[in-house]
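Examination of the molecular architecture
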Amino acid sequence: MPMLNTTSTADISFILLVFFLMVTSMDPDKGLPRQLPKLDEEKVEKITEIDKSNVLNIELKADGKAYFADEETAESNPQKRIVHFLESCPQPKKHVLTLVIADEANYDDYFSLQNKMILAYREVREHYAQKKYKADYLNLNSDQQAIVKQQYPQRIAEKY
C-alpha cells in the first residue's frame, strides 16, 4: 500500500496560521493615560483642609449615572456641570473633583465619566486661553499652555 505524502502539510498549516494572524483584528485595551508621581519615601504627607466651596463631589452609582453633591437625581450632562463648577469655583487653582465609585459600577460607565471629566478640563482651558490670549489652547506656545494649566490644574481624587 503506497504511503500518503505529507511533506507540505506543515508548510500549509504555517501559511494558514500567518494568514489568520494578519487578517484578524485585535481589540485594543482600554485605559486612561495617567502620570503618577514618583515615590518619595522621605516625603511626609500633610493633611490639608480644603474649603468645601472648592470641592465637587461626584458619585458613579451602579445604574451608570453620575450624581453630584448628594443630589437625588442623576445629571444628564456631567461634562457641562463640571465645566460650570470649574469656571465658577472661587479658587480655581485649589479645586478638587472627588469621584466616588460604587462597587457595582460598570467599567465602561467609569471610563465614559473619566473622559467627560477630561473633556471638561479641555473646555475650561480653551475658554481661559481664548479670554487671556485670544487664541486656541493648542495654538499657544508651551509657556502659555503651562500658565493655562496652572490656572486650571487637573485635580481629581478617587474613592473606591
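Please refer to the structure placed before this passage.
Residues numbered from 1 in each chain as written. Predicted model: local features only at pLDDT ≥ 70, side-chain atom pairs only at ≥ 80, totals over all residues. Heavy atoms only, no water.

1. Digging into the pattern of salt bridges
Counting across every chain of the model gives 1 salt bridge. Here E75 ties to R81 by a salt bridge, and the two come within 3.3 Å at their closest N and O atoms. (Salt bridge = Lys/Arg side-chain N within 4 Å of Asp/Glu carboxyl O.)

2. Quick notes on the environment of Y133
Here Y133 lies in helix 3 (residues 107-133). Between the C-alpha atoms of Y133 and T6, which are 127 residues apart in sequence, the distance is 74 Å. Beyond its immediate stretch of four places on either side in the chain, Y133 contacts Y128, L140, Q144, I147 and V148. (Helix = DSSP H or I, 4+ residues; strand = E, 2+ residues; numbered from the N terminus. Contact = heavy atoms within 4.5 Å.)

3. Notes on the layout of surface pockets
Its boundaries defined by the atoms lining it, the second largest pocket holds a volume of some 330 Å³. If you trace the second largest pocket, you find 16 residues lining it, with I118, Y121, R122, R125 and Q154 closest to the centre. Here the lining of the second largest pocket gets 8 residues from one element, more than from any other, and that element is helix 3. Residues of the lining of the second largest pocket, tallied by class, amount to 7 nonpolar, 4 polar and 5 charged. (1 Å grid on protein atoms, 1.4 Å probe; cavity = no way out; pocket = protein on both sides within 12 Å on 5 of 7 lines; lining within 4 Å. Points joined across faces, edges and corners; volume = space filled by probe spheres on them. Nonpolar A, V, L, I, M, F, W, Y, C, P; charged D, E, K, R; others polar.)

4. Some words on the sheet that holds strand 4 (residues 156-159)
Read across the open sheet, the 4 strands follow the order 2-1-3-4; overall the sheet is mixed. Lying at the two open borders of the sheet, with one neighbouring strand each, are strand 2 (66-68) and strand 4. With direction set aside, neighbouring strand axes in the sheet form an average angle of 25 degrees. Looking at chain direction, strand 3 (residues 96-101) and strand 4 are connected through 4 bridges and run parallel. If you follow V100 over to strand 4, its bridge partner there is K159. Those strands touched by helix 3 are strand 1 (55-60), strand 2, strand 3 and strand 4, and its axis lies near 170 degrees from that of strand 3. (Pairing = 2+ DSSP bridges. Axes fitted to C-alpha atoms, helices over the stretch in contact; angles between N-to-C directions.)

5. Section: the pairing of strand 1
Working note: regular strand, side chains alternate between the two faces of the sheet. The side-chain alternation of strand 1 yields one buried face, formed by L56, I58 and L60, and one unburied face, formed by V55, N57 and E59. In this sheet, strand 3 lies alongside strand 1 in parallel orientation, the contact comprising 6 bridges. In the strand pairing of strand 3, E59 is matched with V100. As defined by bridge partners, strand 1 adjoins strand 2 across 3 bridges and the pair is classed as antiparallel. Bridge pairing in strand 2 links I58 to F68. The turn linking strand 1 back onto strand 2 is made up of 5 residues, and G64 within it adopts a positive phi angle of 85 degrees. (Buried < 20%, exposed > 50% of the residue type's maximum accessible area, 1.4 Å probe, protein only.)

6. A short note on the packing of aromatic side chains
Evaluation of the coordinates by the stated rule reveals 4 aromatic pairs. With 5.3 Å between their ring centres and 70 degrees between their planes, F19 and F20 make a pair best called edge-to-face. We classify F19 as partly exposed; its relative accessible area is 45%. An aromatic cluster is present here, built from Y107, Y110 and F111 joined pairwise through their rings. The ring centre of Y67 lies 4.5 Å from the NZ or CZ of K61, which sits over that ring. (Phe/Tyr/Trp six-rings, centres within 6.5 Å; stacked < 30°, edge-to-face > 60°. Lys NZ or Arg CZ within 6 Å of the ring centre and 35° of its normal.)

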